[in-house]
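# Structure assessment
Residues per chain, in single letters:
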Amino acid sequence: MADLPSERVFTGLSATGGLALGTIVVEKAAALGDRQAGSPGQERRALDAAIARAKGEIGALAAKADDLGAEILEFQSALLEDDDFLGLAFARITGGDPAQEAWSAALDGEVAQYRAGGDDYFKARAEDLLDLKARVLRSLFGTDTKAPARMVKDTILLAVDLTPSRFLELEGPFLRGAAILGGSPTSHVAILARARGIPLVVGLDTKLDKAMAGQHAVLDAKAGSLTIAPSSATLATAKDRLDSIAADTRAWEELIARPAVMGDGTPVQVSINLDDPAILDNLPPAHCDGIGLTRTEFLFRGGRLPDEDAQFKVYRRLMAWAEGRPVTIRTLDAGGDKPIAGVTPSGEANPFLGVRGLRLSLRHPEIFAVQLRALARAAALGPLKIMVPMVTLPGEMDQVRAILDLVLADLAKAGTDHARPALGMMIEVPAAALCTEYFETDFFSIGSNDLVQYLTACARDNAAVAPLADPRNPAVLELIRRCVAVARAKGIEIGLCGDMASDPELLPLLLDCGLRSISVSPAQLGPAKLAIHRYSGKAGRHG
Ligand code: PEP
Ligand code: MG
C-alpha cells in the first residue's frame, strides 16, 4: 500500500503509558440549545427534575463501575444530596434566576473554592464538579446525554475534554485510547485511565477537526503523541511495539507472583509505593516484598490534621495487609508540589527550596509527634519502618531521633503498646547524597524524583525543562553509585523509591549502580520484575 502523504503528529502530555492503534472518533460537546425560563415555581421544579435524572444516571454508572470509579462518582452524588449546597441554587431561583443560571452559579462558586485549594487533589475535585454541572445542565435542556460519539471498533477518542463520568460511560470493548485537548496527568480521568491501562494523552496541541474523524491513528501515550493518518512505516513500527508490549505482558504475568531475581539468580527486593491505601484491596501482598514508601500526605488532605487514633488505624491496616513484610511509612512530606492548606507556608517564592518535608515537621512538633506516636504504636504489630523526607543535614536526623525517643518514653510511661521502629531517611537533597557517610540512620532510600530535580536544577512540575531533567544524566547515576557504595561500606540498607525504579528502561541503570532494593508504583510490579529477570550484567554506558 502506498504511504499516505498526510501523516500528522500532534503532541501533548503523557497521562498514562501504553500505545494504541485505531480509528479516530471525534466527540464534540453537545450544544445545549435554547430553553425558555418559567416562573420561579416552574424553574424550581425543572431543576428538581434535572437533579433527580442526573442522580439516576450517576447511580446507574456507579453500579457498574469498579471501586475507584464508584468512589469518584460518589463525590458527585453526595453533592446532589447536600441540602446546604442545593439551597444556594434554589435561593437564586427564588431571587428570579432561571434554573440554568442558578445551577451554574452555585457550581461555579464551588469549583472556585476547590481550585483555590491548590493541590492536585482539589483540582481533580473541581473537574468532578464541572462534570456534574454539565450533566445537570444537559438534563435541564433535554440534551441527549447518550453517546453523541459513535464508537467504532478500536476507537481512539479525540475530544476537547473528557470528564470522569463520560469516561466511565465510554469505556468498554471499543475504547482503545483517548487524546484530549484539555486535562492534566493528575486529573481523575487520568487516574481512571491508568488504573485500566487505557492509553491517554492530555493537553494535545491541536484543534478538533471533523476531517480527523474516521482516520487511522497511532496513540503513543508514553511519548504523549497522536499520529493521524500514519505512514505505513509508522504503522509497522507501532505494530511491532504492540507485539512486543503484548509479549512482555505475558512474560511478566508469569513472574509477578514470584520473588524478583536477576538473570544470574541475584535476588532484588521489589516493594510498592503507596499513595492511597484503597489500591491494596486488589493487590496480593505476595506479589511484592512489602511497602517501600507510604506517602502519608493522603491523610492530611484538605488541611485536615488526623489525630493519633485515626492515623494508627490506617497504619494498622497497612501492617495487616503486608502479612509480616516490612512496611515503610514516610512522615508527612508537605510543601513543594504538595501544599497542605493551613500547614505549609504561603507566599514562598520557591516552595521546592523552602519549608517542606522534614523541615516543616520540625517546625510543627505538635503534628510530627502525633504522627510518630501513631507509628510507634503500629510498630508493635510488625516490621514498621519510619522514613523521613527531605533530610539535608545529619543534625536533622539527630533531632528526629530525639523526638522519637521522647515519644517512646511517653508511650512506655502510659503503658501503651508500642515498639521502636527502624528510623531511616530519604536521600533527595544533593548535599545529603554527597555526605551519606555522616548520617546516623537505620536505612537509606533514594528519592530520585527530587534528587534529579535538585541536581539538574529543573522543577519536576515544569514541562518546559523536562528534557533537561533526565535521570540518565551521568551526574545522577554517579551520585546514586556513590550512595550505594557508602551504604554498603557502612552496612546500611539502601533502596530507591523514586519513579526511576518504575521505568523498566531505567531500572537496569539502577542495577548497574549496585542497587538491589527498589520500590515501584503497584502497576509497575510486573514490568519491574521482568526488567530485573532480563538483567544480566551491565546495562551499558549512559550519559
Ligand atoms: C522522590 O522524590 O523520589 C520521592 C519518592 O518522593 P516524592 O515523589 O513523594 O517527592
Ligand atoms: Mg521526594
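Numbers given for residues are sequential positions, taken from 1 along each chain in its written order. Lettering of chains starts at A and numbering of ligands starts at 1, both following the order in which they are written. Per-residue local features are limited, in this predicted model, to residues with pLDDT of at least 70; the limit for side-chain atom pairs, both in listing and counting, is 80 or more; totals at the level of whole chains, interfaces and linings are taken over all residues. Each side-chain value is worked out from all heavy atoms of the structure, with water and hydrogens disregarded.

## A few points about the site of ligand 1
Within the structure, ligand 1 sits among 14 residues, and Arg295, Glu428, Gly447, Asn449 and Arg460 are positioned closest to it. Arg330 is positioned such that a nitrogen or oxygen atom in its side chain is 2.9 Å from an oxygen atom of ligand 1. Protein chains shield 99% of the accessible area of ligand 1, which is 290 Å² for the free molecule. By residue number, the principal contributor to the shell around ligand 1 is helix H14 (residues 448-456), which donates three residues. Residues are counted as near a molecule or strand when any one of their heavy atoms sits within 4 Å of it. Pairs of N or O atoms are called polar contacts if they sit within 3.5 Å, as long as, within protein, a hydrogen donor faces a hydrogen acceptor (for residues adjacent in sequence, only side-chain-to-side-chain pairs). Accessible areas in this description were obtained via Shrake-Rupley with a 1.4 Å probe; residue shielding takes into account the shown protein chains only. Elements are defined by DSSP. Helices are runs of H or I of four residues or more, strands are runs of E of two residues or more, and each kind is numbered from the N terminus.

## Section: the coordination of the magnesium ion (ligand 2)
The textbook angles at a metal center are 109.5 degrees for a tetrahedron of four donors and 90 or 180 degrees for an octahedron of six. Each metal's donors comprise the N, O and S atoms found within 2.8 Å of it (within 3.2 Å for Na, K or Ca). Water is not part of the atom list, so some coordination spheres may appear incomplete. Every protein donor of the magnesium ion (ligand 2) is accounted for by Glu428 (OE) and Asp450 (OD), and the metal-donor separations fall at 2.0 Å. Residue Glu428 is found in the loop between strand S13 (422-427) and helix H13 (430-433), and its partner Asp450 is found in helix H14; the two are separated by 22 residues along the sequence. With respect to burial, Glu428 and Asp450 carry one shared label: buried. We call a residue buried when its accessible area falls under 20% of the maximum for its residue type, exposed when it is over 50%, and partly exposed in between, using a 1.4 Å probe and counting protein chains only.

## Here we look at the domain arrangement of the protein
Examined at the domain level, the protein breaks down into domain 1 (8-28 + 146-239), domain 2 (40-141) and domain 3 (262-534). A separation of 38 Å is found between the C-alpha centroids of domain 2 and domain 3. Here the bounds of each domain stem from an automatic or database domain assignment.

## Describing the packing of aromatic side chains
In this scheme Phe, Tyr and Trp rings, the latter by its six-membered ring, pair at centre separations within 6.5 Å, and the angle between planes marks the pair as stacked below 30 degrees, edge-to-face above 60, and tilted otherwise. Following the criterion strictly, the structure yields two aromatic pairs and no others. Where Phe75 meets Tyr114, the ring centres are 5.8 Å apart and the plane angle is 75°; that geometry is what we call edge-to-face. Of this pair, Phe75 sits in helix H2 (residues 67-80) while Tyr114 is found in helix H4 (residues 99-116), placing the two residues 39 residues apart along the sequence. Ring centres of Phe85 and Trp103 lie 5.9 Å apart, and the angle between their planes is 70°; on these two criteria the pair is classed as edge-to-face. Of this pair, Phe85 sits in helix H3 (residues 83-94) while Trp103 sits in helix H4; the two residues are 18 residues apart in sequence, bridging distant segments of the chain. Residue classification places Phe85 among the buried positions, given a relative accessible area of 3%. Looking at Trp103, the relative accessible area reads 0%, which means it is buried. The criterion for a charge sitting over a ring is simple: Lys NZ or Arg CZ within 6 Å of the ring centre, and within 35 degrees of the ring normal. Above the face of the Phe75 ring, Arg125 is positioned so that its terminal group lies 4.3 Å from the ring centre.

## A short note on unusual backbone geometry
Phi at Ala229 is positive, roughly 55°, even though this residue is not glycine. Here Ala229 shows up in the loop between strand S8 (225-228) and helix H8 (232-255). In this model, Glu323 sits at a positive phi of 50°, which is unusual for a non-glycine residue. Mapping Glu323 onto the fold places it in the loop between helix H9 (308-322) and strand S11 (327-330). Using a relative accessible area of 59% as the deciding quantity, one classes Glu323 as exposed.

## As for the nonpolar core
We call a set of buried residues a nonpolar core when its members are Ala, Val, Leu, Ile, Met, Phe, Trp, Tyr or Cys and they connect through side-chain atoms within 4.5 Å of each other. One finds Ile272, Ile480, Ile494 and Ile532 to be the most contacted residues of the largest nonpolar core, which totals 89 residues. Among all residues touching Ile272, those that are not within four sequence positions of it are Leu280, Leu283, Cys288, Gly290, Ile291, Gly292, Leu293, Trp321, Ser519, Val520, Pro522 and Leu525. Ala50, Ala89, Trp103 and Phe141 belong to the second largest nonpolar core, which has 51 residues in total. Only heavy atoms enter the contact rule, under which two residues are in contact if any of them lie within 4.5 Å.

## A short note on the pattern of salt bridges
Put simply, a salt bridge is a Lys or Arg side-chain nitrogen that is within 4 Å of an Asp or Glu carboxyl oxygen. Scanning the model with the defined rule gives 33 salt bridges in all. Two residues, Asp275 and Arg295, come together in a salt bridge whose shortest N-O distance is 2.9 Å. Of this pair, Asp275 sits in the loop between strand S9 (269-274) and strand S10 (291-294) while Arg295 sits in the loop between S10 and H9, and the two are 20 residues apart along the sequence. Under the relative-accessibility criterion, Arg295 is labelled buried at 17%. Between Arg377 and Glu308 there is a salt bridge whose closest N-O contact spans 2.8 Å.

## Thoughts on the sheet that holds strand S7 (residues 216-220)
Whether two strands pair comes down to DSSP finding at least two bridges between them. As summarised here, the arrangement of the eight strands in space is S1-S8-S7-S3-S4-S5-S6-S2, forming an open sheet in which the pairing is mixed. Each edge of the open sheet carries a strand with a single partner, namely strand S1 (8-11) and strand S2 (13-14). Where S7 lies against S8, four bridges are found, and the strand directions are antiparallel. When the bridges of S8 are listed, Leu219 appears paired with Leu226. Lines fitted to C-alpha atoms define the axes here, with helix axes fitted over just the stretch in contact, and angles between the N-to-C directions of these axes take values from 0 to 180 degrees. Of the strands in this sheet, strand S3 (19-27), S7 and S8 are in contact with H8, which crosses S3 at around 120°.

## Examining the pairing of S9
Across the six residues that make up S9, a large majority, five, are buried. Looking at chain direction, S9 and strand S16 (residues 517-520) are connected through four bridges and run parallel. Its bridge partner lying in S16, Val270 is registered against Ile518. Pairing of S9 with S10 involves three bridges; the strand directions are parallel.

## Focus: the packing of helix H11 (residues 365-378) against helix H12 (residues 394-413)
Where H11 meets H12, the closest approach of the two axes is 9 Å, and the angle between their N-to-C directions is 60°. It follows that H11 is oblique to H12 by the angle criterion. When you trace H11 past H12, the crossing you get is right-handed. Along its contact with H11, which presents Phe368, Ala369, Leu372, Arg373, Ala376 and Arg377, the element H12 presents Val400, Ile403, Leu404, Val407, Leu408, Asp410 and Leu411. Ten residues, namely Ala, Val, Leu, Ile, Met, Phe, Trp, Tyr, Cys and Pro, are considered nonpolar, four, namely Asp, Glu, Lys and Arg, are considered charged, and the remaining ones, Gly among them, are considered polar. Here the contact of H11 with H12 is composed, by residue class, of 10 nonpolar, no polar and three charged. The labels follow the angle: roughly parallel below 35 degrees, roughly antiparallel above 145, roughly perpendicular from 65 to 115, and oblique for the rest. Throughout, a crossing is termed right-handed when the near helix is turned clockwise from the far one, and left-handed when it is turned anticlockwise from it by less than a right angle.

## A few points about H9
Here, expected helix span is obtained from the residue count minus one, scaled by 1.5 Å. Over its 15 residues, H9 runs 21 Å from end to end, which matches the ideal 21 Å to within 8%, given 1.5 Å per residue. Inspection of H9 places Glu308, Gln311, Phe312, Val314, Tyr315, Leu318, Met319, Trp321 and Ala322 among the buried residues, and these make up the whole buried set. Here the buried face of H9 lies against S9, S10, S11, H11 and strand S12 (384-388). At the N-terminal end of H9, a side-chain oxygen is found 3.3 Å from the backbone nitrogen of Asp309, two or three residues along, and the residue is Asp307. In the segment just after H9, Glu323 is the residue with positive phi, at about 50°.

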